[in-house]
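# Coordinates in review
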Amino acid sequence: MCGIIGYTGDRDCVGIILRGLERLEYRGYDSAGLAVLEDGRVDIRKAQGRLSNLAELVKASPVRGNIGIGHTRWATHGEPSYINAHPHADANQRLAIVHNGVIENSYTLRQGLAQKGIAFISETDTEVVAQLLGYYHTGEMLTTLYRVLPMLEGSFALAILDRERPDTIYCARKGGPLIVGRGAGGSLIASDIPAILSYSRDIFFLGEAEIGAVTPEGVSFYDSLGNPLEKTSVHIDWDIDAAEKDGYPHFMLKEIHQQPKVLEETLRHYVDMEKLAVRRERMPFTPAEAKALRRLTLIGCGTAYYAGLMGQSLIRRLARLRADCEIASEFRYSEPLIEADEAFIAISQSGETLDTVAALRLAKAAGRPVIALCNVIGSTVAREADQLMYTLAGPEIAVASTKAYSAQALTLMILALDLAHLRGHMTTAELKTALRALGEIPGQAERLLGQKERIQYFASRHFNCKKIFFIGRLEDYYLAMEAALKQKEISYIHSEAYSAGELKHGPLALIEEGALVIALATQSRVLDKTMSNLLEAKARGGKVVAVGQSPTPELLAAAEVWELPAADERFAPLLGAIPMQLFAYYMALQLGRDIDKPRNLAKSVTVE
Ligand code: F6R
């Protein structure tokens, strides 16, 4: 969601802040701003809309200084506007702050301050924090923070400038992520790694309820009681170019094309492909634990949830283990029945999704082991889980997740195979055959990408359609859910996923001339059934497409077919995802949508 960057050092901070904010654009925002400490005063510039508006403003009304903070805002309290954009100052203009997250009791706090005579300029919860810090200022920022932070309910990542301490950025977090790095002749803070990666690769992660005081010389960390903390940095070896488009018109298209490599790297991380054996040391369960396991609950949101459903299905089918995937935001409030022999997998690309973090904490509070399936090193989910399975997708910049989904689904497939083997439902020879087949997937994905023109052409003829139904059974149903999400997210065309068998129970009434119906059909045991559902939709005027392997001549005659390479069908949904991503991409392209930054959406959802 919102993005934070800050710099204190011997260089002018404005360029560093603007470049950092550019790197955070992918998170989604509607206004931007920065504050600089210059000659003992706080100088603020803010602009509604794109970052280029802020850059223009800074050109027209220059500001310079060696210490500053910047922010991209995604409106929560108050409409997107110049007034509500961050940074916000206190009544005495002593402080400037930027904030990610939501202060849930801001209304009450605002009323309390108003009764004390404080006048507010904006509608934001952030200004409430600025005014609280100003009102309760002890003359020293750390003690002020210890006084004010306990008043705040909700989530926050805060960066604060104090004109009386012109070399220090103070930062604090509860919920939202904040990182600190050294580089560019000073120190940097940010809400996300890409913002500072070109200056710093050794990153400190601010922990929950911790405070940092960042100066050009270094950073001091404190716990919530004011005790100093020792921290070690984490080295980030992501390729900086990974945050560039590499000649692709959009990050999303680049990331779709990175999938063969991502699949290959994730696969080789977990599997020794020469020996055709799972790398035991990288798997979360020992043989004894795998045998003893009675229940596995997977948790995620959005695309991560759909990858979890795919995992649930294969774990049930292959490992004969009770596996259930839950939506994190539902799970956390559902008073879940957590059992003694249950383990959890929290799935999250960013590792910062608030609901997923909350669900993870619930499981841990119940004393259950949690495994993180995560793409961002050092993120909250990665740090708080008991064990980690990294997905090796590299930084995913487009809001619509593609390569992270594939890496999550693949990792869960490897886990399903490992559990099946350890629990005695798959022989070693069968496991080797399956792993060999899995090894074919990256190459098959590459070949599939070579056929993208067909989908592009189809999109050029059908982008005006009003609704799209994605249907499938079993794993294909879960794939259909992901396809529909991708489509609505970036093309804004109303898209729904249905279990093909459910069409007759209601949704068929919606099929009429002009509707598109796409059948995902990678699972041979239900192929005939899905195809007859597709033809029922065709008979009602729908334009029908089938996505699957080895289509029959009858199917080719009846429907538009996007053929998948002949893969082991346990893993074929990984291939089926690619035409669905391309389809969403090309529909959105035809419609002139803002593909990498779709409206109303953010890359990392750190509020409820
Ligand atoms: C869709 C998408 C979102 C995320 C969801 C969870 O393309 O990207 O649905 O999957 O917000 O995010 P993470 O995986 O970061 O927890």
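### Section: the site of the ligand
What surrounds the ligand is a group of 15 residues, the closest being Ser-348, Gln-349, Ser-350, Thr-353 and Lys-486. In the environment of the ligand, an oxygen atom lies 3.1 Å from a nitrogen or oxygen atom belonging to the backbone of Thr-303. Between an oxygen atom of the ligand and a side-chain N or O atom of Ser-348, the distance comes to 2.6 Å. Coverage of the ligand by the protein amounts to 91% of the 400 Å² it exposes when considered alone. Residue assignment for the shell around the ligand shows that the elements contributing at least two residues are α9 (302-319) and α16 (475-491). Per-class residue counts for the shell around the ligand are six nonpolar, seven polar and two charged. The residues that make up the shell around the ligand include at least three from each of domain 2 (243-439) and domain 3 (448-593).

### Description of the nonpolar core
One finds Leu-296, Leu-438, Phe-470 and Phe-583 to be the most contacted residues of the largest nonpolar core, which totals 100 residues. Two domains each put at least three residues into this core: domain 2 (243-439) and domain 3 (448-593). Filtering out sequence-adjacent residues up to four positions away, Leu-438 remains in contact with Leu-267, Leu-410, Ile-414, Leu-417, Phe-571 and Leu-574. Val-14, Leu-21, Leu-34 and Ala-47 belong to the second-largest nonpolar core, a separate cluster that totals 32 residues.

### Details of the environment of Ser-233
If you trace the backbone, Ser-233 turns up in the loop between β14 (228-229) and β15 (234-235). For the pair formed by Ser-233 and Arg-201, sequence separation is 32 residues and the distance between their alpha carbons is 9.1 Å.

### Brief notes about the packing of aromatic side chains
What characterises a pair of aromatic rings is the spacing of the ring centres plus the angle enclosed by the ring planes. Inspection of the entire model under this criterion finds ten aromatic pairs. An angle of 50° between the planes, with centres 5.7 Å apart, marks the rings of Phe-204 and Phe-221 as tilted. With a gap of 17 residues between them, Phe-204 in strand β11 (residues 202-205) and Phe-221 in strand β13 (residues 218-222) connect regions that are remote in the sequence. Measuring from centroid to centroid gives 5.3 Å for Trp-562 and Phe-583, while their planes differ by 70°, and the two rings are edge-to-face. One end of the pair, Trp-562, is in strand β27 (residues 560-564); the other, Phe-583, is in helix α19 (residues 572-590), with 21 residues separating them in the sequence. You'll find Trp-562 and Phe-583 in the same group, each marked buried. An aromatic cluster is present here, built from Phe-458, Trp-562 and Phe-583 joined pairwise through their rings. The positively charged end of Lys-46 is found above the aromatic ring belonging to Tyr-82, 5.6 Å away from the centroid.

### Re the environment of Gly-186
The residue Gly-186 is located in strand β10 (residues 186-190) in this model. On the basis of relative accessibility, which here comes to 5%, the residue Gly-186 falls in the buried class. In this view, Gly-186 contacts Tyr-7, Thr-8, Gly-9 and Pro-216; residues no more than four positions away in its chain are not counted.

### Focus on the packing of α9 against helix α13 (residues 403-422)
At a minimum axis separation of 9 Å, α9 and α13 run at an interaxial angle of 20°. With respect to α13, the element α9 is oriented roughly parallel. Remark: the crossing between α9 and α13 carries right-handed chirality. Two secondary-structure elements touch here, α9 through Thr-303, Ala-304, Tyr-306, Ala-307, Gly-308, Met-310, Gly-311, Leu-314, Ile-315, Leu-318 and Ala-319 and α13 through Tyr-405, Gln-408, Ala-409, Leu-412, Met-413, Ala-416, Leu-417, Leu-419 and Ala-420. Among the residues forming the contact of α9 with α13, the class breakdown is 16 nonpolar, four polar and no charged.

### Structural notes on helix α5 (residues 141-148)
Met-141, Leu-142, Thr-144, Leu-145 and Val-148 are the residues of α5 that are buried. Angularly, the buried residues of α5 cover 160° about the axis, an arc narrow enough to put them on a single face. As for α5, its buried residues are in contact with β6 (95-100), α4 (125-135), β7 (156-162), β8 (169-174), β12 (211-215) and β13. The N-cap of α5, judged by a side-chain oxygen 3.3 Å from the amide nitrogen of Leu-142 a few residues on, is Glu-140.

### As for the pattern of salt bridges
All told, the structure shown has 34 salt bridges when counted by the stated rule. Put simply, Asp-167 and Arg-165 hold a salt bridge, and the shortest N to O gap is 4.0 Å. For Arg-165, a relative accessible area of 35% corresponds to the partly exposed category. A salt bridge links Arg-454 to Glu-560; the shortest N-O distance between them is 3.1 Å. Taken as a pair, Arg-454 in helix α15 (residues 452-462) and Glu-560 in strand β27 lie far apart in primary sequence, 106 residues in all. Since its relative accessible area comes to 46%, Arg-454 is described here as partly exposed. With relative accessibility at 15%, the residue Glu-560 sits in the buried group. Salt bridges sharing partners connect three or more residues here, namely Arg-295, Arg-316, Arg-322, Asp-324, Glu-339 and Glu-342.

### Thoughts on unusual backbone geometry
Residue Pro-87 is reached from His-86 by a cis peptide bond, and omega for that bond is 0°. Note that Pro-87 resides in the loop between β4 (67-73) and β5 (88-89). Here Leu-276, not a glycine, exhibits a phi torsion of approximately 50°, which is positive. Mapped onto the fold, Leu-276 is located in the loop between β16 (271-272) and β17 (277-278). On the accessibility criterion, Leu-276 (11% relative accessible area) is buried. With a phi angle near 65°, Tyr-492 is a residue other than glycine that sits in the positive phi range. Here Tyr-492 shows up in the loop between α16 and β24 (494-499).

### Here's the deal with the sheet that holds strand β26 (residues 543-549)
The parallel open sheet is built from five strands, whose spatial order is β24-β23-β25-β26-β27. Edge positions in the open sheet fall to β24 and β27, since each of these has one partner strand only. Within this sheet the neighbouring strands show an average axis-to-axis angle of 20°, counted without direction. Most of the contacts of helix α17 (residues 527-539) go to strand β25 (residues 516-521), to which it runs at about 175°, and overall it touches β23 (467-472), β25 and β26. Of the strands in this sheet, β23, β25, β26 and β27 are in contact with α19, which crosses β27 at around 130°.

### Here's the deal with the domain arrangement of the chain
Parsing the chain into structural domains produces domain 1 (3-237), domain 2 (243-439) and domain 3 (448-593). Spacing between the C-alpha centres of domain 1 and domain 2 amounts to 34 Å. Of the residues lining the interface, 13 residues belong to domain 1; the matching set on domain 2 comes to 14 residues. Taking both partners together, domain 1 and domain 2 bury about 1,000 Å²; carbon and sulfur atoms supply 60% of that area. The largest contributions to the domain 1 side of the interface with domain 2 come from Arg-23, Tyr-26 and Phe-205, which together make up 41% of the buried area. Salt-bridge contacts for Glu-208 lead to Arg-361; the nearest nitrogen and oxygen are separated by 3.7 Å. Summed over the shared surface of domain 1 and domain 2, the number is one residue pair in polar contact (both at pLDDT 80 or more). Considered class by class, the residues forming the side of domain 1 that touches domain 2 number seven nonpolar, three polar and three charged.

Basis of the calculations
- Residues numbered from 1 in each chain as written.
- Predicted model: local features only at pLDDT ≥ 70, side-chain atom pairs only at ≥ 80, totals over all residues.
- Heavy atoms only, no water.
- Near = heavy atom within 4 Å.
- Polar contact = N/O pair within 3.5 Å; in protein donor to acceptor, adjacent residues only side chain to side chain.
- Areas by Shrake-Rupley, 256 points an atom, 1.4 Å probe, with all protein chains shown as cover.
- Helix = DSSP H or I, 4+ residues; strand = E, 2+ residues; numbered from the N terminus.
- Nonpolar A, V, L, I, M, F, W, Y, C, P; charged D, E, K, R; others polar.
- Domains from an automatic or database assignment.
- Core = buried A, V, L, I, M, F, W, Y, C linked by side-chain atoms within 4.5 Å.
- Buried < 20%, exposed > 50% of the residue type's maximum accessible area, 1.4 Å probe, protein only.
- Contact = heavy atoms within 4.5 Å.
- Phe/Tyr/Trp six-rings, centres within 6.5 Å; stacked < 30°, edge-to-face > 60°.
- Lys NZ or Arg CZ within 6 Å of the ring centre and 35° of its normal.
- Axes fitted to C-alpha atoms, helices over the stretch in contact; angles between N-to-C directions.
- Parallel < 35°, antiparallel > 145°, perpendicular 65-115°, else oblique.
- Left-handed = near helix turned anticlockwise from the far one by under 90°.
- Arc of directions from axis to C-beta.
- Salt bridge = Lys/Arg side-chain N within 4 Å of Asp/Glu carboxyl O.
- Pairing = 2+ DSSP bridges.
- Buried area = accessible area lost by both parts, 1.4 Å probe.

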